Amino acid sequence: QFNDSVYHWMMERKAERILADIRDGASNTKMLMNKYEFRYYTQFSRFCKNYLQATPAQLIAASRPR
């Protein structure tokens, strides 16, 4: 009905929450990995690249005030 699978929809919401946490000041990659249940940095990085088009480090750097 929505032209999307439930799994993909859930992953999109997860990506939105990760991005919101980073924008709210979360800069500890390990804490984010634990909160969103990623076991390995490579998994987390791949997820961010796929859904947010950047690595966690790039997202954190971009959210910091200049």
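Let us look at the structure shown here.

About the criteria used
Residues numbered from 1 in each chain as written. Predicted model: local features only at pLDDT ≥ 70, side-chain atom pairs only at ≥ 80, totals over all residues. Heavy atoms only, no water. Helix = DSSP H or I, 4+ residues; strand = E, 2+ residues; numbered from the N terminus. Contact = heavy atoms within 4.5 Å. Areas by Shrake-Rupley, 256 points an atom, 1.4 Å probe, with all protein chains shown as cover. Lys, Arg positive; Asp, Glu negative; His and termini not counted. Charge placed at Lys NZ, Arg CZ, Asp CG, Glu CD. Buried < 20%, exposed > 50% of the residue type's maximum accessible area, 1.4 Å probe, protein only. Salt bridge = Lys/Arg side-chain N within 4 Å of Asp/Glu carboxyl O. Patch = residues over 30% accessible without salt bridge, like charges linked within 9 Å, V, L, I, M, F, W, Y side chains within 5 Å.

1. Some thoughts on the overall build of the chain
So, point 1. Of regular secondary structure, the chain possesses 4 helices and 0 strands.
So, point 2. When the helices and strands of the chain are read in sequence order from the N terminus, they spell out α-α-α-α.
So, point 3. A separation threshold of at least 6 residues defines the contact pool for the chain, and within that pool the share at least 24 residues apart is 44%.
So, point 4. Taken as a whole, the chain presents about 5000 Å² of accessible surface, with 50% of it coming from carbon and sulfur.
So, point 5. Put simply, the chain has 11 plus and 6 minus side-chain charges, and the middle of one group is 9 Å from the middle of the other.

2. Focus on the side chain of K14
So, point 1. In this structure, K14 sits in helix α1 (residues 6–23).
So, point 2. An unpaired buried charge is present at K14: no salt bridge exists, and E37, the closest side chain of opposite charge, is 5.9 Å distant.
So, point 3. When sequence neighbours within four positions are dropped, the list of residues in contact with K14 reads Y36, F38 and F47.

3. Side note on a nonpolar patch on the surface
So, point 1. On the surface, V6, W9 and M10 cluster together to form a nonpolar patch covering roughly 340 Å² of accessible area.
So, point 2. Here V6 shows up in helix α1.
So, point 3. Residue V6 is classed as exposed on the basis of its relative accessible area of 60%.

4. Focus on the side chain of S45
So, point 1. Mapped onto the elements of the fold, S45 is located in helix α3 (residues 41–52).
So, point 2. Taking relative accessible area as the criterion, S45 reaches 10% and is therefore assigned buried.
So, point 3. Ignoring any residue separated from it by four or fewer positions in sequence, one finds S45 in contact with T55 and P56.

5. Concerning unusual backbone geometry
So, point 1. Here the phi dihedral of E37 falls at roughly 60°; this positive angle occurs in a residue that is not glycine.
So, point 2. Non-glycine residue Q53 carries a positive phi angle of around 60°.
So, point 3. Looking at where Q53 falls in the secondary structure, it is placed in the loop between α3 and α4 (56–63).
So, point 4. Its relative accessible area of 63% is what places Q53 among the exposed residues.

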